[in-house]
Amino acid sequence: MRQFPAFFNLEGARIAVFGGGEEAARKLRLFAGSGADVALIGGFADAALAAEFAWTETFARADVGAALLGARLAIIAEEDVALRAAALDEVRARGIPVNVVDQPEDCDFTVPSILDRGEIVAAIGTGGASPVIAKSIRAKLEALLPQRIGDLAGLARSLRGFVVDAIPDKTARRRYWERALSGPAAEAAYAGDLDRAETLLRQQARLAGRARGVVHIVGAGPGDPELLTLKALRLIQEADVVYYDRLVSGDILSLIRRDAARVPVGKSKGDHSVPQAEIQARLVASAREGLRVVRLKGGDPFIFGRGGEELEAVRAEGIEAYVVPGISSALGCAASAGIPLTHRDHAQTLTFVTGHAKEGGVPDLDWDALARPAQTVVVFMGVDTAPAIAEKLVAAGRDGKTPVAVIENGTRADELRVFGTLAELPFLVEEEGILGPALLIIGEVAGLPAEQGRIASILSEASGQPWFGAASHPLKIEESAA
Ligand SMILES: C[S@@+](CC[C@H](N)C(=O)[O-])C[C@H]1O[C@@H](n2cnc3c(N)ncnc32)[C@H](O)[C@@H]1O
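Scoring rules and cut-offs
- Residues numbered from 1 in each chain as written.
- Predicted model: local features only at pLDDT ≥ 70, side-chain atom pairs only at ≥ 80, totals over all residues.
- Heavy atoms only, no water.
- Helix = DSSP H or I, 4+ residues; strand = E, 2+ residues; numbered from the N terminus.
- Buried < 20%, exposed > 50% of the residue type's maximum accessible area, 1.4 Å probe, protein only.
- Contact = heavy atoms within 4.5 Å.
- Areas by Shrake-Rupley, 256 points an atom, 1.4 Å probe, with all protein chains shown as cover.
- Near = heavy atom within 4 Å.
- Polar contact = N/O pair within 3.5 Å; in protein donor to acceptor, adjacent residues only side chain to side chain.
- Nonpolar A, V, L, I, M, F, W, Y, C, P; charged D, E, K, R; others polar.
- Pairing = 2+ DSSP bridges.
- Axes fitted to C-alpha atoms, helices over the stretch in contact; angles between N-to-C directions.
- Salt bridge = Lys/Arg side-chain N within 4 Å of Asp/Glu carboxyl O.
- Phe/Tyr/Trp six-rings, centres within 6.5 Å; stacked < 30°, edge-to-face > 60°.
- Lys NZ or Arg CZ within 6 Å of the ring centre and 35° of its normal.
- pLDDT = per-residue confidence, 0-100.

## Quick word on the overall build of the chain
Scanning the chain from terminus to terminus reveals 19 helices and 20 strands. Along the first, second and third principal axes, the C-alpha atoms of the chain reach 115 × 55 × 40 Å. Residue burial in the chain is summarised as follows: out of 482 residues, 43% are buried. A separation threshold of at least 6 residues defines the contact pool for the chain, and within that pool the share at least 24 residues apart is 64%. As displayed, the chain has an accessible area near 25300 Å², and 54% of this comes from carbon and sulfur atoms.

## Description of the site of the ligand
Around the ligand, the surrounding shell holds 19 residues, and the nearest of these are Asp 300, Ile 303, Ser 329, Gly 410 and Ala 438. The backbone of Asp 300 places a nitrogen or oxygen atom 2.8 Å from a nitrogen atom of the ligand. Protein chains bury 89% of the 570 Å² of accessible surface belonging to the ligand in isolation. For the shell around the ligand, the elements supplying multiple residues, two or more each, are α15 (329-337) and β19 (438-442). For the shell around the ligand, the per-class residue count stands at eleven nonpolar, six polar and two charged.

## Let's talk about unusual backbone geometry
Note on backbone geometry: most residues besides glycine have negative phi, and most peptide bonds are trans. Unusually for a residue other than glycine, Arg 306 sits at a positive phi of about 60°. Assignment of secondary structure puts Arg 306 in the loop between β13 (292-297) and α14 (307-316). Not every positive phi belongs to a glycine, and Met 381 is a case in point at roughly 50°. Here Met 381 shows up in the loop between β16 (375-380) and α17 (386-395). For Met 381, a relative accessible area of 43% corresponds to the partly exposed category.

## Things to note about the environment of Ala 67
Position of Ala 67 relative to the elements: it lies in helix α3 (residues 64-67). Taking C-alpha positions, Ala 67 is 56 Å from Arg 288, a pair spaced 221 residues apart along the chain. Ignoring sequence-local partners within four residues, the contact set of Ala 67 consists of Arg 14, Ala 39, Ile 41 and Phe 59.

## Quick look at the sheet that holds strand β14 (residues 320-324)
The sheet built from five strands is open, its strands ordered β10-β9-β13-β8-β14 with parallel pairing. The two strands at the open ends of the sheet, each matched to only one other strand, are β10 (261-264) and β14. Across the sheet, the mean angle separating the axes of adjacent strands is 20° when strand polarity is ignored. Bridge count for strand β8 (residues 214-219) against β14 is five bridges, and the pairing is parallel. Residue pairing across strands places Val 214 opposite Glu 320, the latter belonging to β14. Along the sheet, helix α13 (residues 276-288) makes contact with β8, β9 (241-244), β10 and β13, crossing β13 at roughly 155°. Across the sheet, α14 lies against β8, β13 and β14, angled at about 160° from β14, the strand it touches most.

## With respect to the pattern of salt bridges
If you walk through the whole model with that rule in mind, you get 26 salt bridges. Of the charged contacts in the structure, one is a salt bridge between Asp 240 and Arg 292, with a shortest N-O distance of 3.0 Å. With Asp 240 in the loop between α11 (230-238) and β9 and Arg 292 in strand β13, this pair connects stretches of sequence that are 52 residues apart. On the basis of relative accessibility, which here comes to 9%, the residue Asp 240 falls in the buried class. Relative accessible area serves as the criterion here: at 28%, Arg 292 is assigned to the partly exposed category. A salt bridge links Asp 259 to Arg 257; its shortest N-O distance comes to 2.7 Å.

## With respect to the packing of aromatic side chains
A complete count under the given rule lists five aromatic pairs for this structure. Seen from their ring centres, Phe 44 and Phe 53 are 5.3 Å apart, and the 25° between their planes marks the pair as stacked. Of the two residues, Phe 44 and Phe 53, both sit in the buried class. Taken together, Phe 44, Phe 53 and Trp 55 form an aromatic cluster joined through their ring pairs. Over the ring of Phe 162 we find Arg 202; its NZ or CZ atom is 4.6 Å from the centre of that ring.

## Here we look at the sheet that holds strand β4 (residues 71-76)
What holds strands together in a sheet is hydrogen bonding between their backbones, with the strands either parallel or antiparallel. As summarised here, the arrangement of the five strands in space is β3-β2-β1-β4-β5, forming an open sheet in which the pairing is parallel. Sheet topology places β3 (57-59) and β5 (98-100) at the edges, where each strand pairs with a single neighbour. For this sheet the average axis-to-axis angle between neighbouring strands, irrespective of direction, equals 20°. For strand β2 (residues 37-42) and β3, the ladder comprises three bridges, and the chain directions are parallel. In the sheet register, Leu 40 faces β3, and the bridge partner there is Thr 58. Strand contacts of helix α1 (residues 22-31): β1 (14-19), β2, β4 and β5, with the helix running at about 165° to β1, the strand carrying the most contacts.

## Describing the confidence of the model for the chain
For the chain, mean pLDDT is 88; residues scoring 70 or higher make up 92% of the total. Low pLDDT, under 50, characterises residues 466-475; the predicted model gives this stretch 16 contacts beyond four residues in sequence or across chains.

## Focus on the environment of Glu 444
By secondary structure assignment, the location of Glu 444 is in the loop between β19 and α19 (448-463). Linking Glu 444 and Ala 51, residues 393 residues apart in sequence, is a C-alpha distance of 102 Å. Excluding residues within four positions of it along the chain, Glu 444 makes contact with His 346, Ala 374, Arg 398, Thr 402 and Pro 403. A polar contact of 3.3 Å, which involves the side chain of Glu 444, links it to the side chain of Arg 398.

Structure below.
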């Protein structure tokens, strides 16, 4: 950039224009009605031009000193070389920024191509290189900008004080202007109805002033975006900021509004990239800015998700907070694998447990209760501790032949299901290189898909149709030789 664009205030400012011909007239027209106090040094011999510019204060060239008193800018449009040089000497002697028409080497500033919409002014400069290019750019801008955009800007200026009082918070105020000036109030102004535009701007400011931030703790489900609830989808698309966990799938993150902020606060085993207290503090801070905050968590927020802690922390600060349930990975994985978690013939009790103690290792669970027959045990975060879990259950009396299923990345494109028995569990995890996220489903119901598969394959052999044609993504399904 060789030239710095700046906008001078004209209201009451003294502007000196030298000359008395067409060029001087062109420059004077730029200042007509601007509120500037224009001194014309020279004057028009042409009667029509003299009448057009009767609003200027005209000075004889001999009175140049009085004309330039307090001048903010000067424009020299003298066609006569000697007069031009004399005018330049006078202006330079007073250090007034000057433009000399068609003499770029003598100019302190150039006069750009100007698009004038009242309060909105666009200036296109080419540094004197090509005024024609500047004019063509201005023509394009003219087509783009609504004719009454200046009226809208004028209205915004007149309401500034009102809006500051209505919305004291600076960030909330910025957001109000961003929305208000592209919404129905703007449409009303462009249609020429400034009264309605003003009413709408005032109403919206009062509402925005009362609005406070809100936090929604939203369950994102196990990964498949089609398993989001309608409410979760709406909130994700309305959010100003989304704090999300590592377990939230990329497909779901792609549903977030493009102009919303996305903040990963994910944790993986042993790696608490953002400590829990800080996540909570960030939720509170964003809500205090008046933002619509979504805290997006894998599965259901209230099932091994620390959603309870976050809800408590946010509400303790007096901030509105709501929870939107999600499909827990236990339900998603079971459905995907065709494992009914309860079954009248096989499981009358269903228990969700964590396989990972707060301080690491296997948690201190009631193994006798978990070993009772006719129940399904779903273990979250149990990949690392699978051998110890199998050992404790068998030691407590659960049959080593009890069916188990290990489901990794359930409902996602890379879902992997492995079937076997409780005694085989450590090898299943090890041999398949299961890293997680994965669930262990332990109980007779985990044997049902294999049973269904056997029946279906007999049927498909008879009918010639593949039994597993309904899978929407490639699956690796393993059944161990029990
Ligand atoms: C911190 S817990 C969160 C559970 C989550 N709130 C829920 O309701 O599914 C994380 C554990 O959930 C399980 N998990 C989450 N998503 C999974 C998925 N898509 N497939 C298998 N297991 C999953 C794994 O056991 C993982 O270690």
